[in-house]
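So you can see what is in the structure, the chains are spelled out below.
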Amino acid sequence: MPAPLTFALRYFALVFATGFVLGTVRVLLVVPRLGERWAELLEMPLMGLAIWCWARWLLRRQVLSRLQALAAGGVALALLVGAELTLAVLLQERSLQDYIASRDPVSGTAYLLMLLLFALMPVLLCHHARADDQAGG
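Residues numbered from 1 in each chain as written. Predicted model: local features only at pLDDT ≥ 70, side-chain atom pairs only at ≥ 80, totals over all residues. Heavy atoms only, no water.

Peer 1: Which parts of the structure should I look at to understand the state of the cysteines?
Peer 2: As used in these notes, a disulfide is a covalent bond between sulfur atoms, one from each of two cysteines. Tallied over the entire structure, the rule returns zero disulfides. Cys 53 takes part in no disulfide bond, and the closest cysteine sulfur, belonging to Cys 126, lies 17 Å away. The exposure class of Cys 126 is buried, given its relative accessible area of 2%. (Disulfide = S-S within 2.5 Å. Buried < 20%, exposed > 50% of the residue type's maximum accessible area, 1.4 Å probe, protein only.)

Peer 1: I tried to follow the layout of surface pockets on my own but got confused; where do I start?
Peer 2: The gaps left among the atoms become clear once a water-sized probe is rolled over them. By volume, the largest pocket is sized at about 880 Å³. Taken together, 30 residues form the lining of the largest pocket, with Gly 23, Arg 26, Glu 84, Tyr 99 and Arg 103 sitting closest to its centre. Listed by contribution, the elements that provide at least two residues to the lining of the largest pocket are helix H1 (3-34), helix H2 (36-61), helix H3 (66-92) and helix H5 (105-135). The dominant element in the lining of the largest pocket, judged by the number of residues it contributes, is H1, at eight residues. By residue class, the composition of the lining of the largest pocket is 16 nonpolar, six polar and eight charged. (1 Å grid on protein atoms, 1.4 Å probe; cavity = no way out; pocket = protein on both sides within 12 Å on 5 of 7 lines; lining within 4 Å. Points joined across faces, edges and corners; volume = space filled by probe spheres on them. Helix = DSSP H or I, 4+ residues; strand = E, 2+ residues; numbered from the N terminus. Nonpolar A, V, L, I, M, F, W, Y, C, P; charged D, E, K, R; others polar.)

Peer 1: I would appreciate a short explanation of the nonpolar core in the present structure.
Peer 2: Inside soluble globular proteins, nonpolar side chains tend to come together where they are buried. Among the nonpolar cores identified, the biggest contains 25 residues, and Phe 7, Tyr 11, Ile 51 and Phe 118 are the most heavily contacted of them. For this core, the secondary structure elements donating two or more residues are H1, H2, H3 and H5. Among the elements that make up this core, the one with the highest residue count is H5 (eight residues). Excluding its chain neighbours within four sequence positions, the residues that come into contact with Phe 118 are Tyr 11, Phe 12, Val 15, Ile 51, Ala 76, Leu 77 and Leu 80. (Core = buried A, V, L, I, M, F, W, Y, C linked by side-chain atoms within 4.5 Å. Contact = heavy atoms within 4.5 Å.)

Scope: geometric values only; no functional claims are made or implied.
Structure below.
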């Protein structure tokens, strides 16, 4: 399997699993106390940290060029969005249009920015991971 595809599958799986755990905690514990918007906004920095950690960890184990990292981020994004939309529609028993329309404008916008960060993180860290390896870190 090509390196970018292997990276994309691993990156997607690790970030999706982390998001699934954090999302479960958010829905069960935080939403009832703070509401949907604040619960989602509080989860965002944790997901940002998870995205950074998983991308960095994977890049230290698998060398990618910048173009490969960009492609891997794009494939991982497609997998993530597909999985999240599929689960949202299946678990909430709503149409895709209803799900998208129901998103909070503030936390929904933050979510879209997190998706962009997720897609770009491999290419953003690609050089840094290589430099750390060369420096022995």
